[in-house]
Every structure is written in C-alpha cells, then in structure tokens.
Amino acid sequence: MTAAGLETPLIGGPQPVASTNGDSPLNGVTVGVVTFPGSLDDRDAVRAVRLAGGSAIHLWHGDHDLRNVDAVIIPGGFSYGDYLRAGAISRFAPLMEQITSAASGGADALPVLGICNGFQVLTEAHLLPGSMIKNNHLHFICRDQRLRVENAGTFWTSDYGQGEEIVIPLKNQDGQFVADNRTLDELEGEGRVVFRYVDGNPNGSRRDIAGISNAAGNVVGLMPHPEHAVEAGFGPDSSARGEVGVRGGTDGLGIFTSVLKKLVG
Amino acid sequence: MTAETSRRFNIDTVANAEATPGQALPWAELGLKENEYQRVEEILGRRPTGAELAMYSVMWSEHCSYKSSKVHLRQFGEKVTDAMKEHLLVGIGENAGVVDIGDGWAVTFKVESHNHPSFVEPYQGAATGVGGIVRDIISMGARPVAVMDPLRFGAIDHPDTARLVHGIVAGIGGYGNSLGLPNIGGEVVFDSVYQGNPLVNALAVGVLRHEDIRLANASGAGNRVVLFGARTGGDGIGGASVLASESFDSSKPSKRPAVQVGDPFAEKVLIECCLELFKASVVEGIQDLGAAGISCATSELASNGDGGMHVELTNVLLRDPSLTPGEILMSESQERMMAVVTPGNVADFEAIMDKWAVEYSWLGEVTDTGRLIIEWDGEKIVDVDPRTVAHEGPVYERPYHRPEWLDGVQANGFAAERPTDLRAAVLELMASPNMCSKDWVTDQYDRYVQGNTALAMPDDAGVVRVDEETGLGVAISTDANGRYSYLNPYEGARLALAEAYRNVATSGAEPLAVTDCLNFGSPEDPEVMWQFAETVRGLADACQELGVPVTGGNVSLYNQTGGIAIHPTPVVGVLGVFDDVARRTPSGWREDGQAVYLLGTTADELDGSEWANLRGHLGGQPPVLDLAAEKTLAAILVNCSRDGMIDGAHDLSEGGLAAGLSEMALRFGVGARIGLDELCERDGIDAFTALFSESQARAVVAVPRSEEVRFNDMCTARNFPTIRIGVVDTENQALDVQGYFNLPIDQLREAHEGTLPKYFG
C-alpha cells in the first residue's frame with residue numbers, strides 16, 4: 001500500500017460507503033462529499049444523497065481532482081479542529097481550489113452546498129459573503145429548528161415551494177451569521193437569503209438569516225443540517241408538514257432532491 | 001535526540017541505582033506507601049531508579065491497580081454463569097468488554113470516571129474523560145458510535161456549582177461534539193454530598209465485526225513498538241496517582257497541573273486513522289494511553305504478550321523538550337496510542353500515518369526476555385519484569401465494618417405530613433433540580449451526528465442503529481441512586497441495576513450486558529469500605545439473578561473532601577439489543593384515545609424518594625426490589641414493542657407516577673385524563689402515595705384501543721398486575737388527574753423547563 005493508494009478515505013464501521021441507488025432515475029447524478037480530517041457529517045451527507053435517489057462519492061480534501069462529480073457538498077464538522085476560526089484553514093486545502101474555481105464558472109458552474117462547517121468554509125473561501133461568529137449565548141446548541149425557504153429558485157431549493165417552512169436539526173457553536181448592512185441589504189435585495197429562522201433565532205444571526213446563496217444560485221450555505229432530516233425514524237420529532245412519527249421528520253430531503261432533479265434536467 | 005540531551009539531566013541509570021543504594025527517593029510524594037516502596041525494592045533486589053519509581057508509583061496507584069477493590073471485584077467474574085457468558089466475546093480485564101449482538105456484529109461499551117480532574121479543572125477534566133473512554137473503545141477495534149455522561153453536582157444553588165456545571169457540560173460538548181459522537185443519554189443529579197466531589201462519569205459505545213476485535217498485547221519478538229498521535233507533554237503528570245487516588249485536602253497545593261488537556265481534533269483524526277489501521281490489518285496489538293501514560297502502555301502490552309519489550313525513550317516526540325525520563329513515563333498527555341507492528345507492515349503503517357498527518361515514533365521492539373527494558377540514549381534506566389508493574393501490584397484486604405449510624409438512619413422513615421394540594425406538589429416535583437428538564441444540558445450535545453440515533457434523551461434509553469440494512473441496534477441506559485445506596489448499599493446497587501435494566505426494556509430492547517462505575521469515598525475509611533463491599537456483592541448478585549454479566553467498568557475511590565464522603569454511587573449501565581430499532585418505544589404518548597395502563601403494584605415507599613429529598617429527609621429503607629417481577633415486566637415491555645402493542649412507555653423510578661405521567665405528557669406535548677381511584681383501592685394507598693411512591697417494577701404504557709385485549713391477555717398470562725388508569729386526550733392540553741387536579745401542559749412545561757436556565761442561564 002502506498003500513500004497515493006490511500007487518497008480516498010476508507011470508511012469503517014457500520015456506515016455504508018454508500019453510493020448508488022439502482023432504481024432511481026436520479027442515480028446518474030453523482031454528488032461528491034468532501035472529507036476534511038475533522039469532518040463529522042460526511043457519511044450522513046452521502047446517505048442523504050443516496051436516500052434522495054442520487055449517487056455519492058467521498059472526496060478527500062488533499063486531492064487535486066474533483067473526479068467528475070456533478071455537484072459537491074461540504075459537510076458539517078470541525079474541518080481542522082477550528083481552533084483558529086471555523087473554516088479558516090480548510091479553504092487552503094488543495095481540493096478547495098478546485099471547488100472554488102469550478103463553482104465560480106458561468107451558466108454551468110458546479111453546484112456546491114455548504115452545511116454548517118461547510119457554510120463556514122464557503123464564506124472563508126469567499127464563495128459566499130459574510131461570516132459566522134460564536135452563538136450569541138456562547139453555548140453549543142442542538143435543537144430542531146423551523147426555517148422558511150425564502151428562495152426556492154436555487155439549485156438546492158427548487159423542490160420546495162417559495163415560502164415553505166421546514167423543520168431540520170441545528171447544531172453548532174459558531175452559528176451567528178454576520179455581515180455589514182450593505183452586504184445584508186444586497187443579499188435581501190437580490191433574493192439571496194435562502195433560509196430564514198422562524199419561531200426564534202437560535203444564535204443571534206443578523207436578520208434571522210440561516211442560509212444564503214451566491215448570485216448565480218449554484219452555491220448555497222446554511223447552518224442547520226438538512227442531512228439529519230432525510231430518513232424517518234432518525235430525524236427530528238416534528239415536521240412543518242404536519243404530524244409525523246417519533247423522529248419522523250424528513251423535511252431536509254428536498255435540498256438533495258432539488259439538486260439531483262435540476263442536474264437531470 | 002542526542003547525547004547532548006541526556007547530559008541536561010542527571011540520569012539515574014540502573015547502574016547508578018545499584019551503585020548508590022542509600023539514595024533517598026521521593027516515593028511518598030509520588031503517592032507510594034512505605035511498605036509499597038519496600039516491596040518495589042524487594043522485587044528489584046535494589047533501589048528503583050527514578051524512572052522505575054515513577055512507573056511503579058502510577059501503576060500501583062489505586063486508580064490503576066484497583067488494590068483496594070480487587071478482592072471484591074472478583075465476584076463479578078465468580079458469579080457469572082455459563083448462560084450469562086453466551087453473548088460475551090471479551091470479558092472483564094481488557095480495555096472494554098465486547099458483546100455479541102448477532103449477524104456478526106459486536107458491541108463494546110464501558111463507563112469510566114473522571115471525577116477528580118473535573119473538580120480541579122472542569123472543562124478539561126470532563127473533556128478528557130470523554131477522550132479517554134473513547135480511546136478505550138477504539139483500542140478494542142471498534143468504531144465509537146455514541147457517548148453518554150452520568151453527572152452529579154453539589155446543591156444547585158451553591159455558589160461553586162455553576163462553575164462546575166458550565167465547565168463540565170461545555171467540556172463534554174466541546175470534546176464529544178468535535179469527535180462526531182452522538183450523546184444519547186446520561187443523568188444530571190444535584191445533591192450537596194457531591195459539593196466538593198462532583199461525579200463526572202463518561203460512557204462510550206462502539207461497534208465492530210466479530211473478526212475485528214483487537215486486544216492489548218505485544219506478541220512476536222522482533223515486532224516494532226510505535227507511539228503515535230499527539231506529542232507527549234507535561235500535562236497530567238501524576239493524574240492517576242496523586243490526583244485520582246487521594247482525597248481532596250485544602251492544605252495541599254493545587255493539583256491543577258495533574259489535569260490533562262484535551263485536543264478533540266487530534267482524537268478525531270486518531271479515531272479515523274486507527275480504524276484505517278485495523279481495516280488494513282497492520283497492527284498486531286494496540287493500547288491507548290490514558291492513566292499512567294507510557295508506563296501503563298509499555299508494561300501492560302509487554303506483560304500481556306510475550307513478556308518483554310525494549311524501548312528507547314529519547315525517541316518519544318515531545319511537546320516540551322525539558323521533560324525528564326520519569327515525567328515522560330508518567331505524562332498523561334491525551335490523544336496518544338501505542339501499537340505493535342510487524343517489520344513487514346512498517347511501510348503500510350507509515351503510509352496511513354502520513355495520510356492522516358499523524359505523528360509517530362518507533363520506540364523499540366518486542367522481546368522474549370521477560371523484561372521491560374527502557375533506555376535513555378542507550379543507558380538503561382528501567383529494567384523490570386513488566387508483570388510486577390502492571391499486574392502484581394499490592395492487593396489490600398481493607399478492613400470494613402457496618403457503620404453504627406446506619407441503624408438509626410434506617411429506623412428514621414419518612415413520616416412528614418403529606419400535602420393535600422397534589423397539583424402544587426406535582427409542579428414542585430417537576431421543577432425540582434433532579435426532576436426538572438435537562439434540556440439546558442443536553443441541548444449542548446450533538447445527538448444527531450452519524451444519522452443513526454433512534455432515541456435520545458429524554459427517552460428512557462438512548463438507542464442507536466448498528467446495521468443500516470437490517471435495523472439491528474442497541475439501547476443503553478445508565479442509572480444510580482446515591483440516596484438509596486446510602487440507606488442500604490446492597491439494595492442500592494441492585495436497585496441501580498434494576499432501573500437501568502428496566503429503562504432498556506422500556507425502550508423495547510432485550511437487556512444483554514452491564515458496565516459499572518463505582519464512585520465511593522476513601523477506602524481507608526472502614527465504613528466506606530463496607531459500603532463498597534456491600535455494593536459489589538449486591539450488584540454481582542443482581543446481575544446473576546437477572547442473567548446479565550458485568551463486562552467491564554471502573555472504580556473511583558477517594559471521592560471525599562476532608563472527612564466527608566459522597567453517598568456511595570454505583571452508576572450502572574445496561575446495554576440491550578434490538579433486532580430492528582424501528583420498533584423502539586418512545587417515552588411519551590401522542591395518539592388520542594389510547595389507553596394508559598400502569599404495570600406493577602404500588603406500595604407506600606417514600607423513604608429515600610425524591611419527595612422526601614425535597615422535604616430534606618433521608619432515612620428509612622429504599623423501595624423493596626423484586627427481581628423476578630423486574631424480569632417479567634421487562635419481558636412484557638419487550639414483547640409489547642415486538643408485537644406493536646404499545647405506542648409509548650415510561651418506567652417509573654425517581655418521582656414515581658407523578659414524574660412518569662408528567663414526562664409522558666411533556667414528551668410530545670399531549671395530555672391525558674387519569675383516574676387514581678381504582679388503583680388506590682386495589683393497592684390500599686392514598687392518592688399522594690399513588691403519585692409519589694417509588695415502588696419498583698412499574699411502568700406506564702400507552703396502548704392503542706385495537707391492542708387492549710391482546711395486551712391484557714399477555715399480562716394476565718404472565719400473572720403481572722396491570723390496571724387501566726386513563727386515556728390519552730389530545731383535545732385538552734392538560735394532565736387531568738380526575739378528582740384531584742387539572743394541570744395544563746404549558747404550565748407544567750414552564751415549571752419543568754425553567755429551573756436549569758434560572759440557575760445557569
């Protein structure tokens with residue numbers, strides 16, 4: 001075995017290496033999920049893509065090749081421990097250079113989703129504006145969070161209705177979205193506020209913003225975790241769509257079906 | 001390292017020790033007793049070197065050697081029957097026990113204490129407690145899949161409590177969340193007996209395939225020994241010996257430097273890197289570095305394998321180059337592992353380290369000489385039989401006797417006047433420090449990561465899926481009641497096991513195995529020692545009666561400040577198995593019209609109860625335990641889950657039926673109409689007793705109308721008492737105990753959820 005042969009992480013334990021979903025019309029779409037050394041929700045993001053009907057592969061932060069994936073998810077976690085500033089080191093990973101340039105292209109730019117730490121990485125990489133600071137109450141917070149989809153026109157939200165509400169888990173320490181007023185006004189004016197917290201702002205984020213997009217709508221970042229509301233029995237106890245069973249909420253699935261359907265055309 | 005380095009110290013070599021027999025050594029400062037030091041001299045046939053003294057002092061500490069508890073702990077092995085061994089793949093003695101859960105899957109789990117460090121330095125103490133137990137799980141070859149933390153603090157309104165609560169909860173969250181491990185349960189208890197000695201116990205669970213089990217031994221002469229992970233620093237020196245194995249005493253200097261400092265990112269990388277090592281089969285034996293650091297890892301690996309090891313200590317990568325050999329051997333720097341690798345696998349090992357950017361250094365090799373030789377720049381500083389360090393430490397038969405005060409305490413049953421305003425009493429109970437919502441704590445823990453959490457707090461047990469294809473999974477619950485154990489340590493231990501067992505069964509899982517963390521005062525106090533002896537006897541007996549073996553655990557002694565010891569607090573964790581976690585039972589009801597049944601009988605048992613605690617009373621005898629009834633109840637609850645006969649279930653324990661009904665209503669915010677008259681008449685009790693007694697072997701279940709006949713038939717067939725006490729009512733947002741009170745859910749929730757934010761905001 002050589003170092004080169006180890007470029008993609010081996011996934012041990014009970015989790016599936018995951019990937020294809022034979023019956024789905026969407027399985028021709030392959031989503032790459034980036035693993036940094038401190039990524040935590042990478043396998044969960046792979047599972048979410050699979051449950052949405054697509055195919056998923058793991059991408060290693062140290063690689064220089066996007067392996068022809070059709071879209072990329074930067075998952076939650078603490079990419080390099082985040083002792084400096086969340087995402088500050090990750091943006092310099094070799095794979096991030098590839099992602100940044102592919103996501104910045106024109107009409108067929110690469111769709112990229114940053115969840116939690118992934119959102120932080122995207123702001124550090126300047127694919128998205130603003131920044132995340134420590135929650136205003138200074139604690140880590142894990143709770144089921146209600147959001148409103150403010151823009152159903154992005155690559156990652158087209159399967160939702162405009163203004164639709166969803167419930168997905170939120171869990172972070174540095175989740176307070178901040179930006180200067182001009183940037184905030186710009187985001188609002190251009191319809192780039194994609195998700196907004198409703199029923200209580202959990203971290204002091206400016207204007208209750210939970211997620212935003214770039215101007216083209218291919219790059220989206222959000223703090224809450226849609227990949228933890230995709231499988232009945234393992235999601236939140238509630239859904240914005242009405243009564244569900246215990247941990248039956250699957251409101252996050254739409255994020256993943258959105259991009260898959262969009263890419264299939 | 002070069003000769004230049006060694007010149008910086010006046011190295012006490014073996015040759016020097018032989019030449020200077022009369023030289024005084026600081027054995028007392030390192031925590032050794034005079035007779036123990038003499039034994040070291042006898043074993044070696046000379047005085048120990050400074051490095052050898054460091055090793056013996058930490059490895060013979062109470063924390064590492066179990067010298068006071070060993071003679072009692074043997075019962076856990078002796079009282080295990082063949083039937084109980086059926087599911088055991090690895091028993092007591094390894095880093096953690098391993099249990100077969102079917103389909104080729106196995107689970108390893110263990111609970112440990114990090115009490116002393118967490119009092120001295122709450123954030124780091126609690127954080128490294130999580131780190132240490134997780135490394136134990138990895139060492140077995142398993143991927144960690146969940147953690148939980150049973151915590152006990154002093155009085156909620158004591159000025160020092162907030163410091164500990166904030167630091168400890170943030171430390172557990174800060175470390176565990178960064179590892180990507182869902183925190184699925186635990187306990188938070190407040191009692192002034194824990195004021196100077198908070199209990200921070202940490203449990204971790206891991207899963208693995210049968211063929212992946214790894215053990216801590218160094219076999220095969222010529223195999224290489226490698227240390228990898230974080231660098232070795234000056235933190236945690238004496239953590240096991242002078243910190244964890246002594247009582248607190250305000251006259252001594254701060255023990256803060258003896259607390260380790262954690263780096264969760266390093267641990268997360270270490271987890272992934274170890275799992276990759278296992279998958280590639282490049283390590284022969286592996287051992288995590290926790291208490292006693294390199295002293296423990298080298299001596300345990302060597303004595304569990306071919307018996308010899310040769311190590312060059314200057315090869316250890318250091319954070320602080322000024323550390324002496326003795327300090328390097330004693331350092332408890334976190335996030336380190338030691339492994340044994342065949343020469344043929346060295347290149348593959350290094351490739352995996354490089355991929356994860358983990359630092360490593362080759363320290364030496366396995367030998368068949370039966371000696372552990374440690375050199376410093378080629379000069380021999382340790383030459384010992386590793387078994388004398390790791391396994392043949394002192395064993396004490398500490399004197400013990402039943403405290404004379406106990407008769408008086410047991411005779412003083414709870415006889416205070418019972419309140420007539422039951423509504424106010426329920427609100428007071430549900431807002432009290434021990435019964436209030438723990439959301440403020442658990443919301444600081446990630447319960448979602450890994451995507452397999454099927455139940456977490458506030459449900460009776462934490463449940464995680466192991467196999468995504470089949471739904472195979474496990475349930476875990478930890479419980480202890482220090483007040484019960486204070487009143488009667490034998491029964492207290494059995495009651496703790498019964499509650500954890502009942503919790504696991506209430507969630508629908510078949511209880512399979514036990515881990516325990518025995519938290520006590522000083523073993524040098526004969527009364528504490530008696531409590532300990534009674535606890536172990538009770539727990540071993542109850543395990544045998546319930547047919548669930550203890551697979552591993554931890555003893556934490558010296559939880560004592562001055563002459564004040566904590567209540568004996570045996571924290572018992574029970575692991576159960578699900579063929580499919582989809583059938584787990586949540587701890588609340590939600591469907592309108594479902595029937596609410598109470599399983600079991602209620603007697604007037606308020607001694608040691610939460611209600612008595614609220615009235616400042618502790619006396620009498622804990623509730624009577626009937627393990628045969630517990631077994632039947634568990635079988636009913638598991639069958640109900642399997643056959644879809646119930647939609648919600650909650651065991652009754654602290655706070656009795658009042659707490660059980662309140663929590664079931666709060667779980668999904670759905671009310672119920674409850675009638676107590678029939679129950680009171682059947683059991684010959686008043687309404688207050690019905691609500692607040694803590695009689696055992698009871699649970700409340702919500703039964704769909706269509707299942708009532710089947711449910712009743714099953715209870716009748718098993719001759720288990722059951723009574724219909726009410727009906728779920730989604731219309732009225734209230735817990736309506738007819739004839740006594742009507743408590744709107746909102747009001748109940750406000751009382752229940754307001755307490756912790758009020759104190760810790």
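Residues numbered from 1 in each chain as written. Chains lettered and ligands numbered in written order. Predicted model: local features only at pLDDT ≥ 70, side-chain atom pairs only at ≥ 80, totals over all residues. Heavy atoms only, no water.

**Some thoughts on the overall build of chain A**
Okay, so step 1: A count of helices and strands for chain A gives five helices and eleven strands.
Okay, so step 2: Here the C-alpha radius of gyration of chain A, 17 Å, is about what a compact globule of 265 residues would show, namely 18 Å.
Okay, so step 3: Here chain A, with 265 residues, has 61% of them falling under the buried criterion.
Okay, so step 4: In chain A, the proportion of contacts linking residues at least 24 apart, taken out of those at least 6 apart, comes to 73%.
Okay, so step 5: Element-wise, carbon and sulfur atoms account for 49% of the exposed surface of chain A, whose accessible area totals about 9,100 Å².
Okay, so step 6: Separation of charge centres in chain A, based on 20 positive and 30 negative side chains, amounts to 3 Å. (Helix = DSSP H or I, 4+ residues; strand = E, 2+ residues; numbered from the N terminus. Rg over C-alpha atoms; globule rule 2.2 N^0.38 Å. Buried < 20%, exposed > 50% of the residue type's maximum accessible area, 1.4 Å probe, protein only. Contact = heavy atoms within 4.5 Å. Areas by Shrake-Rupley, 256 points an atom, 1.4 Å probe, with all protein chains shown as cover. Lys, Arg positive; Asp, Glu negative; His and termini not counted. Charge placed at Lys NZ, Arg CZ, Asp CG, Glu CD.)

**Details of the overall build of chain B**
Okay, so step 1: A tally of regular secondary structure across chain B gives 28 helices and 28 strands.
Okay, so step 2: What you see for chain B is a C-alpha radius of gyration of 27 Å, in line with the 27 Å of a compact globule of 761 residues.
Okay, so step 3: Dimensions along the principal axes, computed over C-alpha positions, put chain B at roughly 85 × 55 × 50 Å.
Okay, so step 4: Looking at chain B residue by residue over its 761 residues, the buried ones come to 68%.
Okay, so step 5: Across chain B, the fraction of contacts at a sequence separation of at least 24, relative to all contacts at a separation of at least 6, is 85%.
Okay, so step 6: Carbon and sulfur atoms make up 47% of the accessible area of chain B, which totals about 23,600 Å².
Okay, so step 7: Here chain B contributes 58 positive and 109 negative side-chain charges, whose respective centroids are spaced 1 Å apart.

**What to know about the confidence of the model for chain A**
Okay, so step 1: Per-residue pLDDT for chain A averages 90, and the proportion of residues at 70 or more is 92%.
Okay, so step 2: The model gives residues 1–18 of chain A a pLDDT under 50, and that stretch makes 51 contacts with residues more than four places away or in other chains. (pLDDT = per-residue confidence, 0-100.)

**What about the environment of A:A232?**
Residue and element names in this part refer to chain A.
Okay, so step 1: With respect to the helices and strands, the residue A232 is situated in the loop between strand 11 (219–222) and helix 5 (253–264).
Okay, so step 2: For the pair A232 and V246, spaced 14 residues apart in the sequence, the C-alpha separation amounts to 8.2 Å.
Okay, so step 3: Ignoring any residue separated from it by four or fewer positions in sequence, one finds A232 in contact with R247, G248 and T250.

**Re the pattern of salt bridges**
Okay, so step 1: By the definition in use, this model includes 55 salt bridges over all chains.
Okay, so step 2: Linking A:D41 and A:K171 is a salt bridge whose minimum nitrogen-to-oxygen distance equals 3.0 Å. Of the two residues, A:D41 sits in the loop between strand 1 (30–35) and helix 1 (42–51) while A:K171 sits in strand 7 (residues 165–172), which places them 130 residues apart along the sequence.
Okay, so step 3: As a salt-bridge pair, A:R196 and A:E150 come within 2.5 Å of each other at their nearest N and O atoms. One end of the pair, A:R196, is in strand 9 (residues 193–197); the other, A:E150, is in the loop between strand 6 (141–149) and strand 7, and 46 residues separate them in sequence.
Okay, so step 4: On the accessibility criterion, A:R196 (14% relative accessible area) is buried.
Okay, so step 5: Connected via shared salt-bridge partners are A:D44, A:R47, A:R50 and B:E468. (Salt bridge = Lys/Arg side-chain N within 4 Å of Asp/Glu carboxyl O.)

**Comments concerning helix 24 (residues 656–668) of chain B**
Residue and element names in this part refer to chain B.
Okay, so step 1: With twelve of 13 residues buried, helix 24 lies mostly within the body of the structure.
Okay, so step 2: Within the sequence span of helix 24, burial applies to G656, L657, A658, A659, G660, L661, S662, M664, A665, L666, R667 and F668.
Okay, so step 3: Just beyond helix 24, the residue with positive phi is G669, at close to 65°.

**So, the interface of chain A and chain B**
Okay, so step 1: Chain A puts 48 residues into the contact, and the matching count from chain B is 47 residues.
Okay, so step 2: Summed over both partners, the interface of chain A with chain B comes to about 4,000 Å²; 55% of that surface belongs to carbon and sulfur atoms.
Okay, so step 3: Our enumeration of links across chain A and chain B arrives at 18 residue pairs in polar contact (both at pLDDT 80 or more).
Okay, so step 4: Of all the elements in the fold, those that place two or more residues in the side of chain A that touches chain B are helix 1, strand 6 and strand 7 of chain A.
Okay, so step 5: The residue inventory of the side of chain A that touches chain B, partitioned by class, reads 22 nonpolar, 14 polar and twelve charged. (Buried area = accessible area lost by both parts, 1.4 Å probe. Polar contact = N/O pair within 3.5 Å; in protein donor to acceptor, adjacent residues only side chain to side chain. Nonpolar A, V, L, I, M, F, W, Y, C, P; charged D, E, K, R; others polar.)

**Regarding the packing of aromatic side chains**
Think of a pair of aromatic rings as described by two things: how far the centres are apart, and how the planes are tilted against each other in angle.
Okay, so step 1: Enumeration over the complete set of coordinates arrives at 20 aromatic pairs over all chains.
Okay, so step 2: Ring centres of A:W60 and B:W356 lie 4.8 Å apart, and the angle between their planes is 75°; this geometry places the pair in the edge-to-face category. Of this pair, A:W60 sits in strand 2 (residues 55–60) while B:W356 sits in the loop between helix 14 (346–355) and strand 11 (360–367), on two different chains.
Okay, so step 3: The exposure class of A:W60 is buried, given its relative accessible area of 5%. (Phe/Tyr/Trp six-rings, centres within 6.5 Å; stacked < 30°, edge-to-face > 60°.)

**Brief notes about the environment of A:G87**
Residue and element names in this part refer to chain A.
Okay, so step 1: As for its placement among the helices and strands, G87 is situated in the loop between strand 3 (71–74) and helix 2 (94–103).
Okay, so step 2: Exposure remark for G87: the relative accessible area of 1% places this residue in the buried category.
Okay, so step 3: Not counting residues within four places of it along the chain, the set of residues in contact with G87 comprises S79, D82, N117, V121 and E124.

**As for the side chain of A:N151**
Okay, so step 1: In this structure, A:N151 sits in the loop between strand 6 and strand 7.
Okay, so step 2: Looking at A:N151, its side chain comes within polar contact range of the main-chain oxygen of A:G191, at 2.7 Å.

**Considerations on a negative patch on the surface**
Residues and elements named next belong to chain B.
Okay, so step 1: Negative charge collects at one region of the surface, where E591, D592, D647 and E731 lie side by side.
Okay, so step 2: Following the sequence through the fold, D592 ends up in the loop between strand 21 (569–578) and strand 22 (595–599).
Okay, so step 3: Given a relative accessible area of 47%, D592 falls into the partly exposed group. (Patch = residues over 30% accessible without salt bridge, like charges linked within 9 Å, V, L, I, M, F, W, Y side chains within 5 Å.)

**Some remarks on the nonpolar core**
Okay, so step 1: Residues B:L497, B:W589, B:L657 and B:F692 are the most contacted members of the largest nonpolar core, which totals 93 residues.
Okay, so step 2: In this structure, B:V98, B:W105, B:V147 and B:V341 belong to the second largest nonpolar core, which totals 90 residues. (Core = buried A, V, L, I, M, F, W, Y, C linked by side-chain atoms within 4.5 Å.)

**Section: the packing of helix 23 (residues 627–642) of chain B against helix 27 (residues 708–717) of chain B**
Residue and element names in this part refer to chain B.
Okay, so step 1: Across the interface, helix 23 lies against helix 27 with an axial gap of 11 Å and an inter-helix angle of 155°. The pairing of helix 23 with helix 27 is recorded here as roughly antiparallel in orientation. Relative to helix 27, the crossing made by helix 23 is right-handed. Along its contact with helix 23, which presents I636, N639 and C640, the element helix 27 presents F711, M714 and C715. (Axes fitted to C-alpha atoms, helices over the stretch in contact; angles between N-to-C directions. Parallel < 35°, antiparallel > 145°, perpendicular 65-115°, else oblique. Left-handed = near helix turned anticlockwise from the far one by under 90°.)

**Considerations on the sheet that holds strand 22 of chain B**
All names here are of chain B.
Okay, so step 1: Sheet architecture is open: seven strands sit in the order 23-25-22-26-24-27-28, paired in mixed fashion. Strands with a single pairing partner mark the edges of an open sheet, and in this sheet they are strand 23 (648–651) and strand 28 (741–744). Put simply, the sheet's adjacent strands are angled 20° from each other on average, direction ignored.
Okay, so step 2: Strand direction decides the pairing type here: strand 27 (residues 734–737) and strand 28, joined by four bridges, are antiparallel. Bridge pairing in strand 28 links L735 to L743.
Okay, so step 3: Most of the contacts of helix 24 go to strand 23, to which it runs at about 150°, and overall it touches strand 22, strand 23, strand 24 (671–674), strand 25 (699–703), strand 26 (722–729) and strand 27.
Okay, so step 4: Contacting strand 24, strand 27 and strand 28, helix 28 (residues 745–760) crosses the sheet at an angle of about 70° to strand 28. (Pairing = 2+ DSSP bridges.)

**Regarding the pairing of strand 24 of chain B**
Okay, so step 1: Here four bridges tie strand 24 of chain B to strand 26 of chain B, and the two strands are oriented antiparallel to one another. Considered in strand 26 of chain B, the bridge of B:A672 is made with B:V728.

**Considering the pairing of strand 3 (residues 105–113) of chain B**
All names here are of chain B.
Okay, so step 1: Within strand 3, nine of the nine residues are buried, which leaves it mostly tucked inside the rest of the structure.
Okay, so step 2: Residues W105, V107, F109, V111 and S113 line one face of strand 3 and the alternating positions A106, T108, K110 and E112 line the opposite face, and both faces are buried.
Okay, so step 3: When strand 2 (residues 97–102) meets strand 3, the two strands line up antiparallel, connected through five bridges. Residue pairing across strands places V99 opposite V107, the latter belonging to strand 3.
Okay, so step 4: The turn joining strand 2 and strand 3, which pair antiparallel and follow one another in sequence, is formed by two residues; a positive phi near 55° is taken by D103.
Okay, so step 5: Alignment of strand 3 against strand 6 (residues 199–209), held across nine bridges, turns out to be antiparallel. Within strand 6, the residue paired with S113 across the bridge is N201.

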